[in-house]
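The lines below spell out each chain.
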Amino acid sequence: MLKRTGLALLGAGLMLAAAVPAAAQVAAINKPEARGLLLRPLSLTRVQDLDFGTLIASGLPGSVSINASTGARSTFGGVTALPSGSAQRARFAGGGTAGQQVLVMVVPPSVLTNTDTGDTIDVLAMPLDGSPIRTVASDSTFSVGVGGILSIAANQPEGLYSAEFEVLAQYQ
């Protein structure tokens, strides 16, 4: 019986020695790196509101639009624009990490509401001034212009119509 136990221990010792690599067989290790890019928090500040200016509705339906790039106002159908008032696009100033791409999104209201009467004007669109993807400039800034298109009903009741909207920005 001793002989068998001795052989078993000898066999286990040989197996253990074969499992331990020799010091000369150590492989070179490729050294990967770990990294992370820390970005400045995005900021978006309103510079000016979107203003469709002073309008006159008639017995015919029509629309008014503000160009998101230029701020130019156009009317169609039964809507007349008066030169008084300050028709303008909305503008926003953004800040972030230079060279990074930012996705800009507008969440428009569905209507503008006259808070005195409850009457509404449909908002057809609120486009951006160009691509929704912006690249933050070397001075860590970007800008956004927002226009709009309203559908004015025939004989739309007079009054001041307004609504809030959101402009969102996120890194890509």
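Reading the values: the criteria
Residues numbered from 1 in each chain as written. Predicted model: local features only at pLDDT ≥ 70, side-chain atom pairs only at ≥ 80, totals over all residues. Heavy atoms only, no water. Phe/Tyr/Trp six-rings, centres within 6.5 Å; stacked < 30°, edge-to-face > 60°. Helix = DSSP H or I, 4+ residues; strand = E, 2+ residues; numbered from the N terminus. Buried < 20%, exposed > 50% of the residue type's maximum accessible area, 1.4 Å probe, protein only. Pairing = 2+ DSSP bridges. Axes fitted to C-alpha atoms, helices over the stretch in contact; angles between N-to-C directions. Core = buried A, V, L, I, M, F, W, Y, C linked by side-chain atoms within 4.5 Å. Contact = heavy atoms within 4.5 Å. Salt bridge = Lys/Arg side-chain N within 4 Å of Asp/Glu carboxyl O.

A. Local environment of the packing of aromatic side chains. Using the criterion set out here, one finds one aromatic pair in the structure. Consider the rings of Phe92 and Phe165, whose centres lie 6.4 Å apart with planes at 85°: the pair is edge-to-face. Of the two residues, Phe92 sits in strand 4 (residues 90–95) while Phe165 sits in the loop between strand 11 (161–162) and strand 12 (166–171), which places them 73 residues apart along the sequence. For Phe165, a relative accessible area of 24% translates into the label partly exposed.

B. View of unusual backbone geometry. Phi at Ser140 is positive, roughly 70°, even though this residue is not glycine. Looking at the element boundaries, Ser140 is found in the loop between strand 8 (133–135) and strand 9 (141–146). Look at Ser140 and you get buried, because its relative accessible area is 14%. Non-glycine residue Asn155 carries a positive phi angle of around 55°. When you line up the elements, Asn155 lands in the loop between strand 10 (148–152) and strand 11.

C. Expanded view of the sheet that holds strand 12. Across the sheet, which stays open at both edges, the three strands sit in the order 8-5-12 with antiparallel pairing between neighbours. Of all the strands in the sheet, the pair left with one neighbour each is strand 8 and strand 12. Direction aside, the axes of adjacent strands within the sheet are offset by 30° on average. For strand 5 (residues 101–107) and strand 12, the ladder comprises six bridges, and the chain directions are antiparallel. Residue Val106 lies in a different strand from strand 12, and its bridge partner there is Val167.

D. Molecular detail of the nonpolar core. Grouped together as the largest cluster of nonpolar side chains are 23 residues, with contacts concentrated most on Phe52, Val104, Val144, Val146 and Leu150. For this core, the secondary-structure elements that each account for two or more residues are strand 2 (55–66), strand 4, strand 5, strand 7 (120–125), strand 9 and strand 10. Setting aside residues up to four positions removed in sequence, Val104 forms contacts with Leu128, Pro132, Arg134, Phe142, Val144, Val167, Leu168 and Ala169.

E. Structural detail: the pattern of salt bridges. Under the defined criterion, the tally for this structure stands at four salt bridges. Between Asp129 and Arg89 there is a salt bridge, with its nearest N and O atoms 3.8 Å apart. Of the two residues, Asp129 sits in the loop between strand 7 and strand 8 while Arg89 sits in the loop between strand 3 (73–81) and strand 4, which places them 40 residues apart along the sequence. Note that Asp129 is salt-bridged to Arg134, the shortest N-O span being 2.8 Å. For the pair Asp129 and Arg134, a shared accessibility class is recorded, and that class is buried. Connected via shared salt-bridge partners are Arg89, Asp129 and Arg134.

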